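As a plain string of letters, each chain reads:
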Amino acid sequence: MKRWFSIVLIALLSVSFLFAGGSKEQAVADDGGAVRMEWLVGQTSAEVDDNAEVVKMIEERFNIDLKAWYVDSAHFWENLNVRFAGGEMPDVLVIDTTSQLAQLVDGGVVAELPIELIREKAPNYAAYCDSHDVNNDLWNTMLYNGKNYGVANPMEQVPMALIWRKDWLDNLGLEVPTTLEEFEAVLTAFVEQDPDGDGKKDTAGMAERTFNAIFGAYGLRCVTGANPGFKVEEMQLGSDGVPFFPYIRPEAKEVLALLHDWYQRGLIDKEFITGENHGGYQWLSHAFMNGQIGVTCAQPYHYLAASTDTSDSQNWGICMQEFKALNPDGDIVFGPAPIGPDGLSGTEGWNKTGRLTVITTKCAQDPRKVDAFLAMLDAYYSDPDYARLVNYGIEGRHFAATEYGNVRIMEGTELRKEGVLQVDFGSTSYFAENVDATKTAFGHSVTGNGYWRYNVPACEEYSSVIATLDTLTEQAYFDMITGAKPIDYFDTFVEQFKAAGGTVAEAKVQELQAAKSAT
Amino acid sequence: MGTKRLGRKNNVLNFRDHYIMLIPGILFFLVFCYGPMYGLVIAFQDFYPLRGISGSDFVGLKHFRELFTNPFFLSVLRNTLIISFYKLLICFPAPIIFCLALNEIKSHGFKKAVQSISYLPHFISWVVVSGIFLEFLSPSRGPINILLKELGFEPIFFVADPKYFRAVLVITDMWKSVGWGSIVYLAAITNVDPALYEAAEMDGAGRIKQILHVTLPSIMPIITVMFIMESGKILNDSFQQVYNFLTPTTYGVGDVISTFVYRMGIQNMQYSFTTAVDLFKNTISFILVVITNAIARKTSDYGLW
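Residues numbered from 1 in each chain as written. Chains lettered and ligands numbered in written order. Predicted model: local features only at pLDDT ≥ 70, side-chain atom pairs only at ≥ 80, totals over all residues. Heavy atoms only, no water.

Caption draft 1: View of the nonpolar core. Residues and elements named next belong to chain A. Formed by 101 residues in total, the largest nonpolar core has its most connected members in Met-206, Phe-245, Leu-259, Trp-262, Tyr-303 and Phe-493. Counting residues per element, this core draws most heavily on helix H21 (residues 466–482), at nine residues. Listed in part, the 72 residues of the second largest apolar core include Trp-39, Leu-66, Cys-363 and Val-423. (Core = buried A, V, L, I, M, F, W, Y, C linked by side-chain atoms within 4.5 Å. Buried < 20%, exposed > 50% of the residue type's maximum accessible area, 1.4 Å probe, protein only. Helix = DSSP H or I, 4+ residues; strand = E, 2+ residues; numbered from the N terminus.)

Caption draft 2: The arrangement of the domain arrangement of chain B in detail. Residues and elements named next belong to chain B. With domains assigned, chain B is organised as domain 1 (1–60) and domain 2 (61–299). Taken over C-alpha atoms, the centre of domain 1 sits 33 Å from the centre of domain 2. Each partner contributes residues to the interface: domain 1 has 10 residues there, and domain 2 has nine residues. Taking both sides of the interface into account, the surface hidden between domain 1 and domain 2 amounts to around 850 Å²; carbon and sulfur atoms contribute 67%. When the area that domain 1 buries against domain 2 is broken down by residue, the three leading residues are Leu-40, Ala-43 and Phe-44, summing to 42%. For Lys-62, the salt bridge identified is with Asp-46, shortest N-O distance 3.1 Å. Linking domain 1 to domain 2 there are nine residue pairs in polar contact (both at pLDDT 80 or more). Grouping the amino acids of the side of domain 1 that touches domain 2 by side-chain chemistry returns seven nonpolar, two polar and one charged. (Domains from an automatic or database assignment. Contact = heavy atoms within 4.5 Å. Buried area = accessible area lost by both parts, 1.4 Å probe. Salt bridge = Lys/Arg side-chain N within 4 Å of Asp/Glu carboxyl O. Polar contact = N/O pair within 3.5 Å; in protein donor to acceptor, adjacent residues only side chain to side chain. Nonpolar A, V, L, I, M, F, W, Y, C, P; charged D, E, K, R; others polar.)

Caption draft 3: Local environment of the interface of chain B and chain A. Residue-level contacts link 31 residues of chain B with 35 residues of chain A. Between chain B and chain A lies a buried interface of about 2,800 Å² when both sides are counted; carbon and sulfur atoms form 60% of it. Remark: the boundary between chain B and chain A carries one salt bridge. Two residues, Arg-141 of chain B and Glu-271 of chain A, come together in a salt bridge whose shortest N-O distance is 3.6 Å. For the pair chain B and chain A, the interface holds six residue pairs in polar contact (both at pLDDT 80 or more). For the side of chain B that touches chain A, the secondary-structure elements that each account for two or more residues are helix H8 (126–136), helix H14 (251–254) and helix H15 (257–266) of chain B.

Caption draft 4: Quick peek at the packing of helix H10 (residues 250–264) of chain A against H21 of chain A. Residues and elements named next belong to chain A. Put simply, H10 and H21 touch, their axes get as near as 7 Å, and they point 45° apart. As summarised for this structure, H10 and H21 are arranged oblique, according to the angle between their axes. Contacts between H10 and H21 pair Ala-252, Leu-256, Leu-259, His-260 and Tyr-263 from the former with Tyr-477, Met-480, Ile-481 and Thr-482 from the latter. When grouped by side-chain class, the residues that make up the contact of H10 with H21 number seven nonpolar, two polar and no charged. (Axes fitted to C-alpha atoms, helices over the stretch in contact; angles between N-to-C directions. Parallel < 35°, antiparallel > 145°, perpendicular 65-115°, else oblique.)

Next up, the structure:
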């Protein structure tokens, strides 16, 4: 009896295994002539519903069977690599930096996408790139060992804005400063003249998020909102087209001397070391909201959506809402980046060339998939309605068209489930001009020069030492600003930096950049 | 010799049911613990996930060379050892003392309440704990510094000051783990024969003497075992904790192996490098456990094996 029972169980088990295998086979098969396209747009918050309306509309337009990949963002690359190792991969993939390209190409994940083919199958994209190639590097960003992998996009970027406590300025009868000297005078007043009027000397001028504007006044790019607090950009593209490490420039020593002086005098909040943000949404500045400092840096839209009107709560960004909740009578005003001794000024900006989108070796095996990918790319650069659909979704359901431009009315995770933001190419210049014109114009009206991020070409000399160089720099910079080491330590630091691989890496990157520019 | 072999054979035969029951356990360890160790070879390769282990090139000791020649390696290793040593010195005895004190409380309700409250920090993630302590120790808003200022001292930026950073790590670790760590000792104490206490009392031993001569010797085996296991963790620092407290001003005293590897590895998917570091760490840990166990066996009768 028992034996019979177990035989039946085993039979059931085997049958269920058979079916499990069978259903998997079916999933891979073609769906009525439509070619299956699997996209992985990056680190998102939710799995997409295959039957969502937006997904269906995209599938119909390109005659594809679209499957959006979802990979848990907490261990994104670990999880993804496990799937790669198991032979699974999407057809289209967005990567974070060009330095990942070498690894993915050598590892057999990413496939070549010849420029001639892009020009032939995506003519609108190609024409737009030709006319919007800001750094003259759009067509050579994705080159590796002389071949082209994937596409880079001309991105619309707004540099960081300086946000001042308007009520503090008003209390002291001060104007928003424009030069570095005026800037210092205002910060000094914030420290010494009790801007919040509570009778206590408990206010500082600024903290680490504004460092980028001070480095900018000396022509150097510095990243804001990183962890730890701030970070000088790894490499910067000079106006002569030659990339360099801003870390070790003589100008950096001047900035550090100035910052150390401000730190000593209390103009810089002593707690900048642990950062302005104490948890929660990354761009909130608790030091600013709690009235410890009088100026901070963020993207304009974090505070105001589409105009400088601070009285209309419809216009408030997420940081402004939090600020107002704590300071109902507080007010803010945007200010320009301070102008340095040589007339330079600017704040940090992100990539002008970005949304690095590649096709995999699986996609490349089927020319219909490559064609579909290029058609989807071209549509994003020629049809604003399509671009709006994949980025904002359907009007009334996912976004509302208001006087401040398109406003999302669905929460981010839900939006993802509905298939929005899955096959888009981000805030490209084309998108900003044709879909988001109001917001773009506002962002630029309150900011000035941007120091744009440079895509370092993939090479071992750079990638194997950059983490060490970063650590060296962070340690030395914090020590010099806080006075743990004298400013003259800078020269020792530069020697260490060069010896730890800085010289070799810089030379190699310059060589590769020169070779790229020549093509 | 012949009889001995026969004896063992008989033994196996006699207890064959037990031996058969062992097979699943042995298989489990072979498949899930010893099998994957094959993966350690990627420490000697330039590993690419898609190519797999068989397809990746062997590079010998390249990644170990990279690790040992890194300018930060020595300071990182030193920090790891010092911080772990402090933790072992202070955080290891803390739950024992706590549990001995708890055991002396007569009021059952109060004891339970203290116990439950002391467990709570264990369930808070390090991100949140670090947030709490950053505020608590803040030079401008933290209660400790407000008190210091009232007393006429200069405020101290505990978290960013290299002099205090390691103390912050040890104290927060103790705060988080003391209650949870005491569970195993409390369990051991409940097994102590009450007759021993009665006998001690008859002999005129007070509360302190009872703790020293009855409770402590009774839980000594579990203390020894816990200590041996703890000594294996000396190089396995607490990444979550250190990462959330670390700033560039404290790299010199607080950067440990795991935070260092995180910064080095995040740039690229450096599987081989991180595996090499893990192999190095675990080899040292293994040696430490063997040594501690040998010492424990020599000085007392307890040990893991």
